[in-house]
Amino acid sequence: MATQSDPNQIGKAFLQHYYATFDGINRNNLASLFNDKSMMTYEGSQHMGQKSIMEKLTTLQFKKCRHDSKTMDVQPSGAGGLMIVVTGDIFVDDGKNGIKYSEVFHLMKGQNNSFWIHNLVFRLNYC
Amino acid sequence: VRCSASKKHVNNWKTMANNGPDINQIGKAFVEHYYNQFDNNRRALASLFQDSSMLSFENEGYQGQKKIMEKLCNGVKFNKIQHVPKTLDCQPSGQGGLLVMVTGQLKVDQEKNPLLYSEMFHLLPTDKALKQFWVQNCIFRLNTAY
């Protein structure tokens, strides 16, 4: 992913790529976004490092998944990082009703002007 | 509050530095303090923000203590607000700071049904003792259409 100077453009491009890959045929392709320092908390389950994170993301308890993101907020986090907060609906398997979710990504600049995920937090939103 | 610090996983990043303070405790204490002030003594939040602090509040962006406090004290449409956090997730942000993600309910004015919200804080320590933090980034979103 090339770096552009506008954080909103970067955020939008990143999310499009992330969710298309997550929802698509080969979720394993997310692996290059994570490294040993990456941290993920997925509905309370904590994982550190690319291996543990990808193990979790490829063994979630649904077969089909579609993220329908509704809002995106991007802020620089300092030291070249970007904070992205997304809210939207997630549809799993053949469910008609989406479940509300929020997700935080903290992206850091890597080599070749690309970004990698330093922090990821995912939560479903229900009472 | 559903915390992500289950005993099994808590050692992954319990400490920000070796043998440092427990980040889950820091996050919990911060959130309790922030919402207590927000709901009951909003002006007292000012000390948590600095010139470089950023707030995104329902699609509007504000930078700096002054503009942020103006929004929070005078620009929020509800008069009475009570935050009821339900989930709390904390991670070190890799910049010496703490990323805190909250989801929960917002009881506003006379509304019978609480609204759902999510809020992300990126906290930085004011000193090496890691006892006080300020808010570098804050992003607030309602999850219920209002």
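Below is a short write-up of the structure.

What counts as what
- Residues numbered from 1 in each chain as written.
- Chains lettered and ligands numbered in written order.
- Predicted model: local features only at pLDDT ≥ 70, side-chain atom pairs only at ≥ 80, totals over all residues.
- Heavy atoms only, no water.
- Helix = DSSP H or I, 4+ residues; strand = E, 2+ residues; numbered from the N terminus.
- Expected span 1.5 Å × (residues − 1).
- Buried < 20%, exposed > 50% of the residue type's maximum accessible area, 1.4 Å probe, protein only.
- Contact = heavy atoms within 4.5 Å.
- Buried area = accessible area lost by both parts, 1.4 Å probe.
- Salt bridge = Lys/Arg side-chain N within 4 Å of Asp/Glu carboxyl O.
- Nonpolar A, V, L, I, M, F, W, Y, C, P; charged D, E, K, R; others polar.
- Core = buried A, V, L, I, M, F, W, Y, C linked by side-chain atoms within 4.5 Å.
- Pairing = 2+ DSSP bridges.

## Description of helix H1 (residues 23-40) of chain B
- If you check H1 of chain B, its first and last C-alpha atoms are 25 Å apart, about what 18 residues at 1.5 Å a residue would give, namely 26 Å.
- Of all the positions in H1 of chain B, only Ile23, Asn24, Ile26, Gly27, Phe30, Val31, Tyr34, Tyr35, Gln37 and Phe38 of chain B are classed as buried.

## Quick look at the interface of chain B and chain A
- Across the contact, 34 residues belong to chain B and 34 residues belong to chain A.
- Summed over both sides, the interface of chain B with chain A buries roughly 2900 Å², with 56% coming from carbon and sulfur.
- For the interface between chain B and chain A, the tally reads 2 salt bridges.
- Between Arg123 of chain A and Asp89 of chain B there is a salt bridge, with its nearest N and O atoms 2.7 Å apart.
- Where the side of chain B that touches chain A is concerned, the elements lending two or more residues are strand S1 (2-3), strand S2 (54-57), strand S4 (81-92), strand S5 (98-108), strand S6 (115-125) and strand S7 (133-142) of chain B.
- By residue class, the composition of the side of chain B that touches chain A is 14 nonpolar, 17 polar and 3 charged.

## Here's the deal with the environment of Ala44 of chain B
- By secondary structure assignment, the location of Ala44 of chain B is in the loop between H1 and S2.
- Separated by 25 residues in the primary sequence, Ala44 of chain B and Met69 of chain B have C-alpha atoms spaced 9.5 Å apart.

## Focus: the nonpolar core
- Ranked by size, the top nonpolar core spans 35 residues in total, and within it Tyr34, Phe49, Leu72, Val100 and Phe121 of chain B carry the most contacts.
- At the level of secondary structure, the elements contributing two or more residues to this core comprise H1, S2, helix H2 (65-74), S4, S5, S6 and S7 of chain B.
- No other element matches the 7 residues that H1 of chain B contributes to this core.
- What Val100 of chain B contacts, discounting residues up to four positions off in sequence, is Gly27, Val31, Leu88, Asp89, Cys90, Glu119, Met120, Phe121 and Leu123 of chain B.
- Leu15, Leu30, Ile84 and Leu107 of chain A belong to the second-largest nonpolar core, a separate cluster that totals 31 residues.

## What to know about the environment of Tyr42 of chain A
Residues and elements named next belong to chain A.
- As for its placement among the helices and strands, Tyr42 is situated in strand S1 (residues 39-42).
- Residue Tyr42 is classed as buried on the basis of its relative accessible area, which comes to 7%.
- Leave out the neighbours within four places in its chain, and Tyr42 touches Phe22, Lys56, Leu57, Leu60, Phe62 and Phe122.

## Observations concerning the environment of Pro85 of chain B
Residue and element names in this part refer to chain B.
- Checked against the element boundaries, Pro85 lands in strand S4.
- For Pro85 and Tyr34, which are 51 residues apart along the polypeptide, the C-alpha to C-alpha distance reads 11 Å.
- Pro85 has contacts with Val1, Val31, Tyr35, Val102, Thr103, Gly104 and Tyr117, leaving out every residue within four places of it along the chain.

## Re the pairing of strand S3 (residues 65-78) of chain A
Residues and elements named next belong to chain A.
- Here S3 pairs with strand S4 (residues 81-92) via 12 bridges, running antiparallel. Each residue of the ladder has a partner; that of Ser69, found in S4, is Gly88.
- Where S3 folds back on S4, the antiparallel hairpin that results is connected by 2 residues, among which Ala79 adopts a positive phi of roughly 55 degrees.

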